[in-house]
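A look at the structure
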Number of protein chains: 2
Amino acid sequence: MSQPVILASGSSIRRDLLERAGLEFEVLPAKVDEEAIRNALEAENAAPDEIADALAAFKAQRVAEKRPEALVIGCDQVLAHRGKILAKPATIDDARAQLRALRGGRHQLMSAVVIYDDLQPLWRHVGTVTLTMRPFSDTYLTEYLERNWNSIRHAVGAYKLEEEGVRLFSAIEGDYFDVLGLSLLPLLTFLTTRGVLKA
Amino acid sequence: MSQPVILASGSSIRRDLLERAGLEFEVLPAKVDEEAIRNALEAENAAPDEIADALAAFKAQRVAEKRPEALVIGCDQVLAHRGKILAKPATIDDARAQLRALRGGRHQLMSAVVIYDDLQPLWRHVGTVTLTMRPFSDTYLTEYLERNWNSIRHAVGAYKLEEEGVRLFSAIEGDYFDVLGLSLLPLLTFLTTRGVLKA
């Protein structure tokens, strides 16, 4: 009777957040070539929030094509610095260069959610968190990279806030859940308005 | 050679946050009669942030008396609503009354940290997060309490943000770590300035 809800993401933290909130849903990760889409959008000078939104929408759409009767939730998070998106560091020298560029300044984490219904986008939201890195020394940076490279080699921005990476920062401002990569409160509010969750 | 650091708190989440950040420290939970101190301060019309700060200071001081040579970190978190502190709900009817009072409005979580050195307070900080509850229905409230009472009976405000309690909210504004009960970034910044952590 009630419309099924599908999370089109393989992220365990997003699944956790929604499960803990008591939402009933299936998980069906979307297979899209994120890098190709990102590169194409960047070539068209799309802004970081537009890219995050487009990636979330692509993922929702891909799963909606298989399950048009469901509400499909697509998600994405990007790191934006001076209007550009940062990629994962390929080498430890890449990571050093990224962190030197971010050092002493602000950057943003942008979390996008798009919901598809009957093959159409029904609702979308982008939440932005602003992070300020402290002016750490080159000596500290070298030691940080040596201690953490194995863990941060797949992390955009070359840090994990739940590890030593937090010591790179002096301030984090924004919605609590946007740091985690899912705008949980706007999403739950929408699902409540829609009648999926009890008001 | 270097000054020992002691966390005067038994909270596993605070210990986790500091361990993950790579700080070296001992844990020595302070034994203080929190309820008696809180009641005494409320009787003197102390503001919620003053009460959180005083409780954090009492805990740091108590451990500093045993270990005056160490840097001792005391912590506390209170829930403030209209200038008053909320206690844990004693019964399910208490919980219902608390949530009805908070419903549709804003309240604050205040996280205090005080560091003692040589029996004196050396540094202190209070971080405030503002939370907005949505205007949920009485029917939802009843079902929420039935489903969650066993888990929230020891939770101030009768909710846990990491469980269904998040569905009571429409917005959470403030520092990410203050939601978790420890102003991690100001604390790490102080420890870096002090030379405990490398700059």
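Residues numbered from 1 in each chain as written. Chains lettered and ligands numbered in written order. Predicted model: local features only at pLDDT ≥ 70, side-chain atom pairs only at ≥ 80, totals over all residues.

**Considering helix α5 (residues 138-152) of chain A**
- Here α5 of chain A spans only 18 Å end to end across 15 residues, well under the 21 Å set by a 1.5 Å rise per residue.
- For α5 of chain A, the principal kink sits at E146 of chain A and spans about 45 degrees. (Helix = DSSP H or I, 4+ residues; strand = E, 2+ residues; numbered from the N terminus. Expected span 1.5 Å × (residues − 1). Bend = angle between axes of the 7 residues up to and from the residue.)

**Details of the relation of the copies chain B and chain A**
- Each copy of the sequence occupies a distinct position, and chain B is placed on chain A by a rotation of 180 degrees and an axial shift of 0.0 Å, giving an RMSD of 0.0 Å. Expressed as an axis order, the relation between the two copies is that of a two-fold axis. Among all residues of chain B, the minimum C-alpha distance to the rotation axis is found for Y176 of chain B, at 2.5 Å.
- Interface overlap between copies: 100% of the residues of chain B at the interface are likewise at the interface in chain A, consistent with a symmetric, same-surface contact. (Least-squares fit on C-alpha atoms with pLDDT ≥ 70 in both. Contact = placed C-beta atoms within 7 Å.)

**Observations concerning the pairing of strand β6 (residues 120-133) of chain A**
All names here are of chain A.
- Here strand β5 (residues 106-117) pairs with β6 via twelve bridges, running antiparallel. Paired with Y116 across the two strands is P121, which belongs to β6.
- Between β5 and β6, which follow one another and run antiparallel, lie two residues, and D118 among them has a positive phi close to 55 degrees.
- Relative to strand β7 (residues 169-175), β6 runs antiparallel, the two being bridged by four bridges. For L131, the partnering residue across the bridge sits in β7 and is I172. (Pairing = 2+ DSSP bridges.)

**Section: the environment of R153 of chain A**
- Locating R153 of chain A in the fold gives a position in the loop between α5 and β7.
- The sequence separation of R153 of chain A and A36 of chain A amounts to 117 residues, and the corresponding C-alpha distance is 20 Å.

**Considering the interface of chain B and chain A**
- Opposite the 26 residues of chain B that make contact, chain A presents 27 residues.
- Within the residue set of the side of chain B that touches chain A, elements represented by two or more residues are β7 (169-175), α6 (176-180) and α7 (184-194) of chain B.
- Looking at which element gives the most residues to the side of chain B that touches chain A, the answer is β7 of chain B, with five residues.
- Tallied by class, residues from the side of chain B that touches chain A come to 14 nonpolar, four polar and eight charged. (Nonpolar A, V, L, I, M, F, W, Y, C, P; charged D, E, K, R; others polar.)

**Comments concerning the environment of A57 of chain A**
- Position of A57 of chain A among the secondary structure elements: in helix α3 (residues 48-66).
- Separated by 97 residues in the primary sequence, A57 of chain A and H154 of chain A place their C-alpha atoms 23 Å from one another.

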